[in-house]
Amino acid sequence: MPIFDTQSRDQLRQMYINAWRKQREGIPMEPLEAQIADVVALHPEYQAALEDPDNVLDRDYRPEGGQSNPFLHMGLHLAVRDQIGTDRPPGIRAAFEALAARLSSPHDAEHQIIERLAEALWEAQRAGRPPDEQAYLSRIRELAGLRIR
């Protein structure tokens, strides 16, 4: 989603806050805002934070403090949904559908894929190279119980 490449952290966070506010107030949304609101709706544990922008816009979420970053988590949901929608890497849509059927929950399947995406991104960053799409896809296919090629 190229729009995210040009946004500051605060601007991105404000997008989530605005999308969730529009959802709650029944205000028409742009397509991206609707996607964001759909993801927020699946995460009640983050909704109160988005309804209190003064406490989240400047907040640093540090893993060493046991804090989960809701914006990162929801952003990974959006990234996975974009991958599935565009079938990139090729085959991810079929793997997602198989995993969602296996788990009986598209949301749970997204969470499983998010873990693999975060792992692939971390490995790539650590190695100073682009993510290995085929290794990433193989991990997802394995989760889905699909034969690995």
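Draft legend 1. Here's a closer look at the packing of helix α4 (residues 70-86) against helix α5 (residues 92-103). Between α4 and α5, whose axes approach to 7 Å, the crossing angle comes to 115 degrees. Between α4 and α5, the interaxial angle falls into the category roughly perpendicular. Here Gln-83, Ile-84, Gly-85 and Thr-86 of α4 come into contact with α5, specifically with Ile-92, Arg-93 and Phe-96.

Draft legend 2. Molecular detail of unusual backbone geometry. Between Arg-88 and the following residue, Pro-89, the backbone shows a cis peptide bond with an omega angle of 5 degrees. Relative to the helices and strands, Pro-89 resides in the loop between α4 and α5. If you check the backbone angles, Asp-87 has positive phi at about 55 degrees while not being a glycine. Tracing the backbone shows Asp-87 in the loop between α4 and α5. For Asp-87, a relative accessible area of 23% gives the class partly exposed. Backbone geometry places Ser-104, a non-glycine residue, at a positive phi of 60 degrees.

Draft legend 3. Structural context of α5. If you check α5, its first and last C-alpha atoms are 16 Å apart, about what twelve residues at 1.5 Å a residue would give, namely 16 Å. Just beyond α5, the residue with positive phi is Ser-104, at close to 60 degrees.

Draft legend 4. Up close: the packing of aromatic side chains. The full count for this structure, using the stated rule, is two aromatic pairs. A centroid spacing of 5.6 Å and a plane angle of 80 degrees characterise the contact between Tyr-16 and Phe-71, whose relative ring orientation is edge-to-face. With Tyr-16 in helix α1 (residues 9-25) and Phe-71 in helix α4, this residue pair connects regions lying 55 residues apart in the sequence. The exposure classification of Tyr-16 matches that of Phe-71, with both residues buried. Feature note: the residues Tyr-16, Tyr-61 and Phe-71 constitute an aromatic cluster, connected by ring pairs.

Draft legend 5. Representation of the side chain of Arg-13 within the structure. Following the sequence through the fold, Arg-13 ends up in helix α1. For Arg-13, which is buried and forms no salt bridge, the nearest opposite charge comes from Asp-10, at a distance of 5.4 Å. A distance of 2.7 Å separates a polar side-chain atom of Arg-13 from the backbone oxygen of Arg-59. Residues contacting Arg-13, with those up to four places away along its chain left out, are Val-56, Leu-57, Asp-58, Arg-59, Tyr-61, Asn-69 and Phe-71.

Procedures and definitions
Residues numbered from 1 in each chain as written. Predicted model: local features only at pLDDT ≥ 70, side-chain atom pairs only at ≥ 80, totals over all residues. Heavy atoms only, no water. Axes fitted to C-alpha atoms, helices over the stretch in contact; angles between N-to-C directions. Helix = DSSP H or I, 4+ residues; strand = E, 2+ residues; numbered from the N terminus. Parallel < 35°, antiparallel > 145°, perpendicular 65-115°, else oblique. Contact = heavy atoms within 4.5 Å. Buried < 20%, exposed > 50% of the residue type's maximum accessible area, 1.4 Å probe, protein only. Expected span 1.5 Å × (residues − 1). Phe/Tyr/Trp six-rings, centres within 6.5 Å; stacked < 30°, edge-to-face > 60°. Lys, Arg positive; Asp, Glu negative; His and termini not counted. Salt bridge = Lys/Arg side-chain N within 4 Å of Asp/Glu carboxyl O. Polar contact = N/O pair within 3.5 Å; in protein donor to acceptor, adjacent residues only side chain to side chain.

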